[in-house]
Structures are given as C-alpha cells and as structure tokens.
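What follows is each chain in one-letter form.
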Amino acid sequence: MNAPTRHPATPASLSALDAENKRVIMFGGKGGVGKTTSSSATALHYALAGKKTLIISSDLTPSLSDIFETPIGPSETPVPGVDNLFALEIGIDEVMRRWKEKFGPQIYAAASVVVDMPYDEIIDYVAMAPGIQEEFMLDFILEHIRGGRYDMVVWDTAPAGDTLRLLSLPGRFLKHLRTAPRFYFKAQDILGVSRTQFLDLIGSWTTLSEEIARFFVDPANVEFIVVTIPEALGVYQSRRVIEDLKAHGLTVRRAVVNSVITDPDSAFLRQRSAMQQPYLAMLFNDLGADSVILMPLLPYEVKGIARLREVERILFRTE
Ligand SMILES: Nc1ncnc2c1ncn2[C@@H]1O[C@H](COP(=O)(O)OP(=O)(O)O)[C@@H](O)[C@H]1O
Ligand SMILES: [Mg+2]
C-alpha cells in the first residue's frame, strides 16, 4: 500500500466539533493509550467554553480522581476550580445495583405472576441476561443528557472490547428477552392476562432499547473518537474497533494518536519517530489527515488542571 506519509500542513484538531453541537463524545481504545487523558481534556474544553459538562468514566480502573486530583465516585461531583465541570466514575457493580433499584419492582411485578420465585432470585435471573449491564450503561449515559441536565457528556469508555459489546448489545439482549416468555410459559400454565403483562414489559424494553441504540448510532448526537498510539498493536487494534463499530452502524470519523514523537533530538527518539511514521501514514490513509489528531509524547504525566489545559490546547488548538 502506498499510503501518504506526509503530515498535513495544518495539524488536525478537534475544534471542528465545537460547531457540531453533539451531546455525547465517547473515547474508546485499548488500555493505557490515553483515553482518560483525552476525555478529561475534552471535558475541560467544553466546561471552559461555558457548557455544563459531565465526564463519566466507566473504565474499571479508577483514574478520574488521579487526573483531577480530587476524590470522584459514582455520583456527580463538581471538579474544584473549574466552573461547569462535573465528573463521575461508575463500575459494573454500581451499574447493577442501580439497575436493580430502577427496574426491580417492575420486573418482579410482571414476572412473579408467571413464576413462583422469591424477589431476589427473579431479579438476579433477569440481571444475568446477556447485555443487560451494557444496556443500563447506555441508559445511564442518556439519562444525564435528557431533561437538559447537561449540555455535554464526555464518556471515557472501558477498553475496546467492552465498548464493542455495548454496541452489539441491543440485538443480543432483545433476543434473550424474547425467548424468556416462552421459557416461563412452558414452565407454568398461566392465564392470558399474566402473559400480556409480561409481554408488555418486554415490549416496553424493546422500545427503550431501540431508542437507545438509535441515539448512539446517530452522528447528530454522538461522536466516537478512537484513541490510539502509532505502533503496530495500537493501530491494528483501532482498525478492528473502527470496522466493528461500522458493522454496528456507528462510523468513526476521528482518531487521537497519542505519544507521537514530535521533536526527535536524539538517536533514540529519531529511531522511535521513524518507527511511528508508517503507522501514522496508515491512519492518515484510513481516516483522512484532517481527522487524525496528533498528541505529542510529553515529558511528564498528565495530572491536574494545568497539565490538562495543555493537552486541551493541543487537541483543540486553542490559545
Ligand atoms: N501525551 C502524553 N505524554 C505523556 N504521558 C501521557 C500522555 N498521554 C497520557 N499520558 C500518561 O499515560 C498514562 C495513561 O494515560 P491514560 O489517559 O490514563 O490512558 P487510558 O485511559 O487509555 O488507560 C497516564 O499516566 C497519563 O498521564
Ligand atoms: Mg483510563
């Protein structure tokens, strides 16, 4: 393949997003490439622009507390020193707890008429449905957008595999739910009215699930940005992510390439920079040079608002 190796004359940036009025910006990619750093700098960008912004990290490795240097937990916390910026970190256990709280009574009311099982057993059984956790995560994200609570939600997703599961989910989940009534009806001979109640519940979940899926694949609402590094593993993996998302109806239009050597002033760095060039060329070729945002390898770790501001300036080319 004769990919163009030339860097664009004007470096690409995320600033074109400013005019697009998206509601959710998702960052995905493998572990350690800079998802949390890019997400946090992006959230800071929108907060500084006066938008009420929430950054949500669903990665199991806690990290927002480190980067913002303040304790951040599963409920919305204002980031000290930055107006309009709120953060939360939510793991799967908390997602499940909230899901049970939200849907438990409804599920029990509908299911208990067809199966004679204790509350916890019914809820736990349904909670094991494939994809239900992901479903809740999407619903959770959407909830923060609905009703105008936030202008912008920046979502620091868990490493790629999970993100993919998220988007392939509505189909799998609904298939499971559709087979559930058959299972229950076989288990017990029941009255038509109970059947209707259970089918109604599944019907409303189907609608909800389809609504959520539609929101997330609509480029008017959501931007999915792949974060990667210019090395074989990073680039091949992000190509797979881009392909898979495409298969689920979601087009990735931008990538942040992190840890780019921009100032190779030693033999060591020159060698590393040369190693990176073909991978950068591949990304330019795949996405178009205007859609590949380069983030230099910095001599320090990105921690605290001042450092994040530097990253924000690079990603958005602000002054
Ligand atoms: N451009 C960069 N230069 C130097 N260090 C970076 C850069 N980007 C990220 N880091 C550091 O690399 C580590 C991993 O980044 P992080 O954003 O947490 O990755 P991820 O969320 O993808 O696992 C962090 O310690 C972060 O400060
Ligand atoms: Mg992270």
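What you are looking at is a predicted structure, and each value in this text was computed from that prediction instead of being measured.

### Quick notes on the environment of methionine 96
Mapped onto the secondary structure, methionine 96 falls in helix 3 (residues 92–111). In this structure methionine 96 comes out as buried when scored by relative accessible area, which is 12%. The spacing of methionine 96 and alanine 127 is 31 residues in sequence and 7.7 Å in space, taken between C-alpha atoms.

### A closer look at the nonpolar core
Core analysis: the biggest nonpolar cluster contains 54 residues, and Val24, Ile56, Trp99, Ile107 and Phe216 have the highest contact counts within it. In terms of residue count, the dominant contributor to this core is helix 5 (residues 132–145) (eight residues). With near-sequence residues (within four places) excluded, isoleucine 56 lies in contact with Leu88, Ile90, Phe140, Ile141, His144, Val153, Val154, Trp155 and Asp156. Judged by nonpolar contacts, the second largest core, of 33 residues, contains Leu64, Leu85, Ile225 and Val302.

### Quick look at the site of ligand 1
Near ligand 1, the surroundings consist of 16 residues, among which Gly32, Lys35, Thr36, Thr37 and Asn258 are the closest. Take asparagine 258: an N or O atom from its side chain is 2.8 Å from a nitrogen atom of ligand 1. Contacts to ligand 1 include proline 296, whose backbone N or O atom sits 2.9 Å from a nitrogen atom. About the coverage of ligand 1: the protein hides 77% of its 560 Å² of free accessible area. Sort the elements by how many residues they give to the shell around ligand 1 and helix 1 (residues 35–48) lands first, with three residues. Taken together, the residues of the shell around ligand 1 break down into seven nonpolar, six polar and three charged.

### Considering the pattern of salt bridges
With the rule as written, the count across this model stands at 19 salt bridges. A salt bridge links lysine 22 to glutamate 20, with the shortest nitrogen-to-oxygen separation between them at 2.9 Å. You can call lysine 22 buried: its relative accessible area is 4%. Lysine 100 serves as the salt-bridge partner of aspartate 124, at 2.8 Å between the closest nitrogen and oxygen. Of the two residues, aspartate 124 sits in helix 4 (residues 119–127) while lysine 100 sits in helix 3, which places them 24 residues apart along the sequence. Where salt bridges share partners, they join Glu20, Lys22, Glu223, Arg253 and Arg254 into one cluster.

### Section: the packing of helix 3 against helix 5
The geometry of helix 3 relative to helix 5 is characterised by a closest axis approach of 10 Å and an angle of 80° between their N-to-C directions. Between helix 3 and helix 5, the angle is such that the two are roughly perpendicular. For the pair helix 3 and helix 5, contact is made by Ile92, Val95, Met96, Arg98, Trp99, Lys102 and Phe103 and by Ile132, Gln133, Phe136, Met137, Asp139, Phe140 and Glu143, respectively. For the contact of helix 3 with helix 5, the per-class residue count stands at nine nonpolar, one polar and four charged.

### A word on helix 8 (residues 232–247)
Here helix 8 spans 23 Å end to end across 16 residues, near enough to the 22 Å set by a 1.5 Å rise per residue. Within helix 8, burial applies to Gly234, Val235, Gln237, Ser238, Val241, Ile242 and Leu245. For helix 8, the buried positions fall inside an angular range of 165° around the axis, keeping them on one side. When the buried face of helix 8 is taken as reference, the exposed residues oriented beyond 90 degrees from it are Leu233, Arg240, Glu243 and Ala247. Following helix 8 by one or two positions, glycine 249 adopts a phi angle in the positive range, close to 90°.

### A word on the sheet that holds strand 8 (residues 292–296)
Strand order in the open sheet made by the eight strands is 3-4-2-5-1-6-7-8, with mixed pairing throughout. Every interior strand has two partners, whereas the edge strands, strand 3 (77–78) and strand 8, have only one. Direction of pairing for strand 2 (residues 53–57) relative to strand 4 (residues 85–89): parallel, over a ladder of five bridges. Looking across to strand 4, one finds that isoleucine 55 is bridged to alanine 87. Across the sheet, helix 5 lies against strand 1 (24–28), strand 2, strand 4 and strand 5 (152–156), angled at about 155° from strand 5, the strand it touches most.

### Focus on helix 5
Between its first and last C-alpha, helix 5 extends 20 Å over 14 residues, near the 20 Å set by a 1.5 Å rise per residue. A large share of helix 5 lies buried, amounting to twelve of its 14 residues. Just past helix 5, the residue glycine 147 takes up positive phi, approximately 75°.

### Focus: the pairing of strand 4
Across the five residues of strand 4, four count as buried, placing the element largely inside the fold. Here two bridges tie strand 3 to strand 4, and the two strands are oriented antiparallel to one another. Bridge pairing links threonine 77 to alanine 87 in strand 4. Connecting strand 3 to the antiparallel partner strand 4 that follows it, the hairpin turn spans six residues, and glycine 81 within it adopts a positive phi of roughly 85°.

What counts, and at which threshold
Residues numbered from 1 in each chain as written. Chains lettered and ligands numbered in written order. Predicted model: local features only at pLDDT ≥ 70, side-chain atom pairs only at ≥ 80, totals over all residues. Heavy atoms only, no water. Helix = DSSP H or I, 4+ residues; strand = E, 2+ residues; numbered from the N terminus. Buried < 20%, exposed > 50% of the residue type's maximum accessible area, 1.4 Å probe, protein only. Core = buried A, V, L, I, M, F, W, Y, C linked by side-chain atoms within 4.5 Å. Contact = heavy atoms within 4.5 Å. Near = heavy atom within 4 Å. Polar contact = N/O pair within 3.5 Å; in protein donor to acceptor, adjacent residues only side chain to side chain. Areas by Shrake-Rupley, 256 points an atom, 1.4 Å probe, with all protein chains shown as cover. Nonpolar A, V, L, I, M, F, W, Y, C, P; charged D, E, K, R; others polar. Salt bridge = Lys/Arg side-chain N within 4 Å of Asp/Glu carboxyl O. Axes fitted to C-alpha atoms, helices over the stretch in contact; angles between N-to-C directions. Parallel < 35°, antiparallel > 145°, perpendicular 65-115°, else oblique. Expected span 1.5 Å × (residues − 1). Arc of directions from axis to C-beta. Pairing = 2+ DSSP bridges.

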